[in-house]
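# Topology and contacts: notes
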Amino acid sequence: MSDRLLVVSNRLPLTTRRAGTEWRADLSSGGLVAALTPVMERARGLWIGWPGDAPSGDTEGRDALLRSWEQEHRFVSVDLPAKITRAFYEGYSNNTIWPLLHGFPTLVSFDRETWHAYLDANERFAAAVIERAKPGDLVWIHDYQLMLVPSLLRAARPDIRIGFFLHVPFPPAEVFRILPQRDEVLHGLLGADLIGFQTHEHLGAFRRTLLQVLGTESRMDRVEVDGRIVALEAHPIGIVTDEWEQLVTTDKGVARRIADLRDRHAGRQLVLAVDRLDYTKGIPERLRAFRHFLLTRPEWRGRVTMIQVAVPSRERIPRYVELRREVSELVGELNGELGTATWNPVIYLRRSVSRSELAALYAAADVAWVASLRDGMNLVAKEFVACQRDRAGVLLLSEFAGAAGEMGEALRINPYDEQGSADALERALKMPEDERRERQDALLARVRRSNAISWAEGFVAQLRTAADDRDLASGPVGEPKLVALRRAYRSAKRRVCYLDYDGTLVPLASRPADAVPSQAVGEIVGSLARKRGTTVVIVSGRPAVDLERWFGHLPSVWLAAEHGALLREPGSTDFQSLRPGAGTEWKDHVRPVLEHFAARAPGSTVEEKDYALAWHYRLVEPEFGTWLSNELGVTLDQQLAGTELAVLRGSKVIEIRYAWANKGEVVSHVRSIGATPDFELAIGDDRTDEDMFDRLPPEAWTVHVGGGQTRARYAVPGPPAAIALIAALAGASSAAERAAD
Ligand code: ADQ
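Residues numbered from 1 in each chain as written. Predicted model: local features only at pLDDT ≥ 70, side-chain atom pairs only at ≥ 80, totals over all residues. Heavy atoms only, no water.

## Details of the site of the ligand
Around the ligand lies a shell of 23 residues, among which His 167, Asp 375, Met 377, Leu 379 and Glu 383 are the nearest. Side-chain polar atom of His 167 to an oxygen atom of the ligand: 2.7 Å apart, as the coordinates give it. Arg 276 places a side-chain nitrogen or oxygen 2.9 Å from an oxygen atom of the ligand. Contact with the protein chains hides 83% of the accessible area of the ligand, taken as 710 Å² for the molecule alone. (Near = heavy atom within 4 Å. Polar contact = N/O pair within 3.5 Å; in protein donor to acceptor, adjacent residues only side chain to side chain. Areas by Shrake-Rupley, 256 points an atom, 1.4 Å probe, with all protein chains shown as cover.)

Take a look at the structure:
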């Protein structure tokens, strides 16, 4: 098995240019290149991406150069025809997905044509990977331009390991669901073995979106899709801290620039802002807040200067052209209004600055001001901290940047709040040195620790684990060998059998009232329960009356009704609550919601149990029923958040009950009484039964009924096979029993 790392990103980190008659390529010095180089080298990696627009005319020389880069530097160029590049990159990627993911729904453009280009481009990236990947390779896909690549790869190459990292935020479900291609994009991502986000907030939003849009439930760290586990992780990106620190401590050119900046601005404090010219960065908002600061605190005029560095970006998109004009106007007005012959409030550099120029600015500044309205992480915040080192400037950080989650010692601001931002700026400018130092020390330690190198290594390590787990989880689950099962049963002295009811002992019926056990099933369960040393536990979501009616007459059976909210011990005639004293007043609040949904969906019904309420929709038109059940699930999740109640999505049913009332608790309760059994069997068909399987020891005989994902050791195809298995045990007698009989 190969174990190389293939990085896939929209842009290859190189630019081509013509030097005289020759073509040259320059490697970009971005943070991602520096972060990935060490792991790429160790893993003999390839970098796959688009090399930028091809010039018209002589493309032969450029093509030859790009081919040589593939041979020598393992940079693979993906060829995108000019006619799809714009629609893919400026169209769907930056005019649809970018504003959507940053939570600006009014800026999202909806256009079928750009969607097709996005699909086409994603197919081309996937094809480049498919052509080169060897079995076992790790493929790491980056960012929002390539969200369909994971599933395209999964379909074609199930033999590789696929990771995806989203550098930008994930929006609330209410925003994401406006996207016409929401299902396609989510399914695209779910092709991965691991999906990484910058923060837990983004991860949480993704999980809620899966539930709301696809009706797919997930756990904090994973989601099951088509019998496969997709790992989910918050994995915040860092910077290559050493590189920045070295620039400011050992580079003579940088030292000269720092001295020059301090000299020229002597007697004034410097406030630094560094961004791409993008509406998500809050540039106009910050300029307005700075104006407000100078207008309301005239004593600061002449004593503080803001340097705004903004590199133009995506200039073929009208919103960006508009922003560029708006920023220029605001700077012009502010300088015109408040500047003097010897002082300008704002120095505006509308261009990209070199890394050494940037390092000098970071090091010379007294305050850095990050005003993002929404930002995946924001590396500027971290770069500033690294370059300040022991100088201890103050960081003003928008609470809407991912970085805010990690950089608690910064002064948090709401960039929409002009007055609050101005107050924070004043606090920063006046902050005593010991407080600044304390904050900076903590921030610097953290920026050093969670740096870009450990970020990249951590992601790759996580991807290996996720892919291993996926293979384990989807390994074939076979039927138990009846001979071995009977032998284990016979040789045991104390046996416990946990049997689910619906879907296990009887087939699922459209109306629960129709699912009555046949006489044969009654007899088989009865004879198992009568065997010496065998305890039978019927564990069901059914109300107590049903279990009582069908199994109440049997000796030595436990009956667990309502998923374990109510228990009847062997020999007793009463059901007891698993948690005495649990109230039921909540039902008065939840019942009207269910009744409202029942009224909207003909054929659906509300079922009332002692400790639970359920909405059944098996008879509702399937598509409408599924859609409505998602709506109901999300509504109830919100209504019940922070209570002891849980919303359970079963097979064509939404049930509300206490979180403690689950089949796993039943297993724990039965196991806590008496000696530890030497034979345990659990059989069940739906996800509520997985709680039983989880709670039993690994050597227990756990059997899933039907297809699909399970954590059980074995699976049988349907209720008849489950009953045959129980019958085999009911017929098995140990030597001791035979002697006694
Ligand atoms: P960006 O939106 O580009 O990145 P950011 O993280 O702030 O945002 O900046 C990336 C890099 O660009 C930084 O290393 C910075 O030094 C550089 N840069 C910014 N302005 C510059 C300028 N005027 N001149 C020169 N260099 C400049 C996306 C997401 C972010 C996420 C990153 C990384 O939008 O939220 O932090 O990816 O995952």
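## Digging into helix 14 (residues 379–388)
Counting buried residues in helix 14 gives 9 out of 10 residues, a clear majority hidden from the surface. If you check which residues of helix 14 are buried, you get Val 380, Ala 381, Lys 382, Glu 383, Phe 384, Val 385, Ala 386, Cys 387 and Gln 388. Where helix 14 is buried, its residues contact helix 9 (241–250), strand 12 (269–276), helix 13 (355–364), strand 15 (367–370), strand 16 (394–398) and helix 16 (433–449). At the N-terminal end of helix 14, a side-chain oxygen is found 3.1 Å from the backbone nitrogen of Val 380, two or three residues along, and the residue is Asn 378. Two residues or fewer after helix 14 comes Arg 389, characterised by a positive phi angle close to 45°. (Buried < 20%, exposed > 50% of the residue type's maximum accessible area, 1.4 Å probe, protein only. Helix = DSSP H or I, 4+ residues; strand = E, 2+ residues; numbered from the N terminus. Contact = heavy atoms within 4.5 Å.)

## Observations concerning the sheet that holds strand 18 (residues 495–500)
In spatial order, the strands read 22-21-20-19-18-27-28-29; together these 8 strands make up an open sheet with mixed pairing. Strands with a single pairing partner mark the edges of an open sheet, and in this sheet they are strand 22 (576–577) and strand 29 (714–716). In this sheet, strand 28 (residues 701–705) lies alongside strand 27 (residues 679–684) in parallel orientation, the contact comprising 4 bridges. Within the sheet, the bridge partner assigned to Leu 681 lies in strand 28 and is Trp 701. Running at roughly 155° to strand 20 (residues 557–561), helix 20 (residues 544–551) makes contact with strand 19 (534–539), strand 20 and strand 21 (566–568) of the sheet. Helix 25 (residues 719–731) rests against strand 18, strand 27, strand 28 and strand 29 of the sheet, and its axis sits at about 160° to strand 27. (Pairing = 2+ DSSP bridges. Axes fitted to C-alpha atoms, helices over the stretch in contact; angles between N-to-C directions.)

## Some remarks on helix 5 (residues 149–156)
Every buried residue of helix 5 is listed here: Val 149, Pro 150, Leu 153 and Arg 154. All buried residues of helix 5 lie within an arc of 135° about the axis, which places them on one face of the element. (Arc of directions from axis to C-beta.)

## Some words on the pattern of salt bridges
Under the definition given, this model contains 58 salt bridges. Where Asp 3 meets Arg 464, a salt bridge forms, and the shortest distance between an N and an O atom there is 2.6 Å. Of the two residues, Asp 3 is situated in the segment before strand 1 (5–11) and Arg 464 in helix 17 (residues 452–473); the sequence distance between them amounts to 461 residues. Given the relative accessible area of 28%, Arg 464 is considered partly exposed. For Asp 375, the salt bridge goes to Lys 281, with nearest N and O atoms at 3.1 Å. Here Asp 375 is found in the loop between strand 15 and helix 14, whereas its partner Lys 281 is found in the loop between strand 12 and helix 11 (283–296), with 94 residues between them in sequence. For the pair Asp 375 and Lys 281, one class covers both residues: buried. What emerges from the salt-bridge pattern is a single network uniting Asp 53, Arg 86, Glu 90 and Arg 316. (Salt bridge = Lys/Arg side-chain N within 4 Å of Asp/Glu carboxyl O.)

## Remarks on the sheet that holds strand 26 (residues 653–658)
Spatially, 23-24-26-25 is the arrangement adopted by the 4 strands of the open sheet, whose pairing is antiparallel. Because the sheet does not close on itself, it has two edges, and the strands there are strand 23 (605–608) and strand 25 (645–650). With direction set aside, neighbouring strand axes in the sheet form an average angle of 20°. Here strand 25 pairs with strand 26 via 6 bridges, running antiparallel. Each bridged residue has a counterpart across the sheet, and for Ala 646 the counterpart in strand 26 is Arg 657. The strands touched by helix 21 (residues 587–600) within the sheet are strand 23, strand 24 (612–616) and strand 26, with strand 24 carrying the most contacts at an inclination of about 5°.

## Structural notes on the environment of Arg 286
On the secondary structure map, Arg 286 appears in helix 11. Overall, the relative accessible area of 1% leaves Arg 286 in the buried class. C-alpha separation for the pair Arg 286 and Ala 273, spaced 13 residues apart in sequence, amounts to 9.0 Å. When near neighbours in sequence (up to four residues on either side) are disregarded, Arg 286 contacts Ala 273, Asp 275, Met 306, Gln 308, Trp 369, Val 370 and Ala 371. A polar contact is formed between the side chain of Arg 286 and the side chain of Asp 275, at a distance of 2.7 Å.

## Describing the nonpolar core
Core analysis: the biggest nonpolar cluster contains 82 residues, and Tyr 498, Trp 615 and Leu 636 have the highest contact counts within it. Looking at which element gives the most residues to this core, the answer is helix 25, with 6 residues. Both domain 3 (482–579 + 661–740) and domain 4 (587–658) contribute no fewer than three residues apiece to this core. Discounting residues that sit within four places of it in the chain, Leu 636 has contacts with Val 590, Val 593, Leu 594, Val 647, Ile 654 and Ile 656. (Core = buried A, V, L, I, M, F, W, Y, C linked by side-chain atoms within 4.5 Å. Domains from an automatic or database assignment.)

## Things to note about the packing of aromatic side chains
Inspection of every chain in the model, using the stated rule, returns 31 aromatic pairs. When the centroid spacing of 4.9 Å and the interplanar angle of 15° are considered together, the rings of Tyr 658 and Trp 660 count as stacked. Ring pairing ties together the aromatic residues Phe 88, Tyr 92, Trp 115, Tyr 118 and Phe 125, which thus form one cluster. Its end group placed over the ring of Trp 300, Arg 303 keeps NZ or CZ at 4.2 Å from the ring centre. For Arg 713, the ring lying beneath its charged end belongs to Trp 701, and the centroid distance is 5.6 Å. (Phe/Tyr/Trp six-rings, centres within 6.5 Å; stacked < 30°, edge-to-face > 60°. Lys NZ or Arg CZ within 6 Å of the ring centre and 35° of its normal.)

## Some remarks on the confidence of the model for the protein chain
When pLDDT is low, close inspection of the predicted coordinates is not appropriate. For the protein chain, the average pLDDT comes to 92, and 97% of its residues sit at 70 or higher. Below pLDDT 50 for its whole length, residues 734–741 participates in 8 contacts with residues either more than four positions away or in separate chains. (pLDDT = per-residue confidence, 0-100.)

## A few points about the packing of helix 11 against helix 12 (residues 318–338)
It is the contact of helix 11 with helix 12, at a shortest axis distance of 10 Å, that shows an interaxial angle of 10°. In terms of axis orientation, helix 11 runs roughly parallel to helix 12. When helix 11 is examined against helix 12, the residues Ile 283, Pro 284, Leu 287, Arg 288, Phe 290, Arg 291, Leu 294 and Leu 295 are found in contact with a partner set consisting of Leu 323, Glu 326, Val 327, Leu 330, Val 331, Leu 334, Glu 337 and Leu 338. For the contact of helix 11 with helix 12, the per-class residue count stands at 12 nonpolar, no polar and 4 charged. (Parallel < 35°, antiparallel > 145°, perpendicular 65-115°, else oblique. Nonpolar A, V, L, I, M, F, W, Y, C, P; charged D, E, K, R; others polar.)

## Side note on a negative patch on the surface
A cluster of acidic residues, Asp 390, Asp 434, Glu 438 and Asp 441, forms a negative patch on the protein surface. Mapped onto the elements of the fold, Asp 390 is located in the loop between helix 14 and strand 16. (Patch = residues over 30% accessible without salt bridge, like charges linked within 9 Å, V, L, I, M, F, W, Y side chains within 5 Å. Lys, Arg positive; Asp, Glu negative; His and termini not counted. Charge placed at Lys NZ, Arg CZ, Asp CG, Glu CD.)

## Some points on the domain arrangement of the protein chain
Interfaces are often described in size by the accessible area the parts lose on coming together. Domain boundaries in the protein chain define domain 1 (5–234), domain 2 (241–449), domain 3 (482–579 + 661–740) and domain 4 (587–658). On a C-alpha basis, the centres of domain 1 and domain 2 stand 30 Å from each other. At the junction of the two partners, domain 1 supplies 22 residues and domain 2 supplies 17 residues. Taken together, both faces of the contact between domain 1 and domain 2 bury some 1600 Å²; the carbon and sulfur share is 54%. On the domain 1 side of the interface with domain 2, the three residues burying the most area are Glu 90, Trp 98 and Phe 104, jointly 29% of the side's total. Asp 53 serves as the salt-bridge partner of Arg 316, at 3.8 Å between the closest nitrogen and oxygen. Counting across the domain 1 and domain 2 interface gives 6 residue pairs in polar contact (both at pLDDT 80 or more). (Buried area = accessible area lost by both parts, 1.4 Å probe.)

## Brief notes about the pairing of strand 24
Strand 24 sits mainly inside the fold: 5 of its 5 residues count as buried. Going residue by residue along strand 24, you find Ala 612, Ala 614 and His 616 tucked away on one face and Leu 613 and Trp 615 tucked away on the opposite face as well. Sheet topology places strand 23 next to strand 24; 4 bridges connect them, and they run antiparallel. The residue bridging Glu 608 from the neighbouring strand is Leu 613, located in strand 24. Taking the residues that link successive antiparallel strands as the turn, the strand 23-strand 24 hairpin has 3 residues. Taken together, the 5 bridges between strand 24 and strand 26 define a ladder with antiparallel strand orientation. Along strand 26, the bridge assignment pairs Ala 612 with Arg 657.

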